[in-house]
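Now for the letters of each chain:
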Amino acid sequence: MRTSTALRTSPQSTDLSALLARRGTDLILAIEDGNALVRCHVSSAIAAAMLAPLKGKAAGQFRALPGNLVEIDAAVTLPMALRMMEAKAAMENTLH
């Protein structure tokens, strides 16, 4: 899958899996007023790297999925979103 950026998600969409599939991506970053919404399905290793910058304050922002995947749906500051995406890229480079 490829990573892409979406400016806004559809308010009618409640199924993150379907939204990601329609966009052909594994991550959506929505930015508004200096805050960010990071929504993705990633492997558990990548999720651990992405959630590490939150320093344990990620409760309720992720859930385990079948097939060693994790869904992240986190509202964070823009700098934190950038750290999460950098961690994702670094882990993907390590795994490949």
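Residues numbered from 1 in each chain as written. Predicted model: local features only at pLDDT ≥ 70, side-chain atom pairs only at ≥ 80, totals over all residues. Heavy atoms only, no water.

Enquirer: What is the right way to read the sheet that holds strand β2 (residues 35–43) from this model?
Expert: Strand order across the open sheet formed by four strands is β1-β2-β4-β3, with antiparallel pairing between neighbours. Pairing within the sheet leaves two strands with one partner each, and these edge strands are β1 (27–32) and β3 (62–65). Put simply, the sheet's adjacent strands are angled 10° from each other on average, direction ignored. Pairing geometry for β1 and β2, over six bridges, is antiparallel. Within the sheet, the bridge partner assigned to alanine 30 lies in β2 and is leucine 37. (Pairing = 2+ DSSP bridges. Helix = DSSP H or I, 4+ residues; strand = E, 2+ residues; numbered from the N terminus. Axes fitted to C-alpha atoms, helices over the stretch in contact; angles between N-to-C directions.)

Enquirer: Please clarify how helix α3 (residues 78–95) should be interpreted in this entry.
Expert: What sets the pattern is the α-helix's 3.6 residues per turn: residues three or four places apart point alike. Compared with the 26 Å implied by 1.5 Å per residue over 18 residues, the 26 Å span of α3 between its first and last C-alpha is a close match. Within α3, the full set of buried residues consists of Met80, Ala81, Met84, Ala87 and Lys88. Taken around the axis of α3, the buried residues stretch over an arc of 120°, which confines them to a single face. Turned more than 90 degrees off the buried face of α3, the exposed positions are Glu86 and Asn93. Tucked inside the fold, the buried residues of α3 contact β1, β2, α2 (44–51) and β4 (69–77). (Expected span 1.5 Å × (residues − 1). Buried < 20%, exposed > 50% of the residue type's maximum accessible area, 1.4 Å probe, protein only. Arc of directions from axis to C-beta. Contact = heavy atoms within 4.5 Å.)

Enquirer: What is the right way to read the nonpolar core from this model?
Expert: It is characteristic of soluble globular proteins that their nonpolar side chains tend to be buried jointly. If you look at the biggest cluster of nonpolar residues, it comprises 18 residues, and the most contacted ones within it are Val38, Val42, Met50, Ile72, Val76 and Met84. Where this core is concerned, the elements lending two or more residues are β1, β2, α2, β4 and α3. (Core = buried A, V, L, I, M, F, W, Y, C linked by side-chain atoms within 4.5 Å.)

Enquirer: Even after reading the chapter, I still don't get the pattern of salt bridges, so can you show me in this structure?
Expert: Where side chains of opposite charge bring their charged atoms close, a pairing between them can arise. Evaluation of the coordinates by the stated rule reveals four salt bridges. Note that lysine 88 and aspartate 26 form a salt bridge whose closest N and O atoms lie 3.2 Å from each other. Placement of lysine 88 in helix α3 and of aspartate 26 in the loop between α1 (16–23) and β1 is noted, with a sequence separation of 62 residues between them. With relative accessibility at 3%, the residue lysine 88 sits in the buried group. As a salt-bridge pair, glutamate 92 and lysine 88 come within 2.6 Å of each other at their nearest N and O atoms. Placement of the pair is glutamate 92 and lysine 88 together in helix α3, with a separation of four residues, close to one helical turn. Of the residues examined, glutamate 92 reaches a relative accessible area of 22% and is grouped as partly exposed. The network of salt bridges with common partners includes Asp26, Lys88 and Glu92. (Salt bridge = Lys/Arg side-chain N within 4 Å of Asp/Glu carboxyl O.)

The analysis is restricted to geometry; functional conclusions fall outside its scope.
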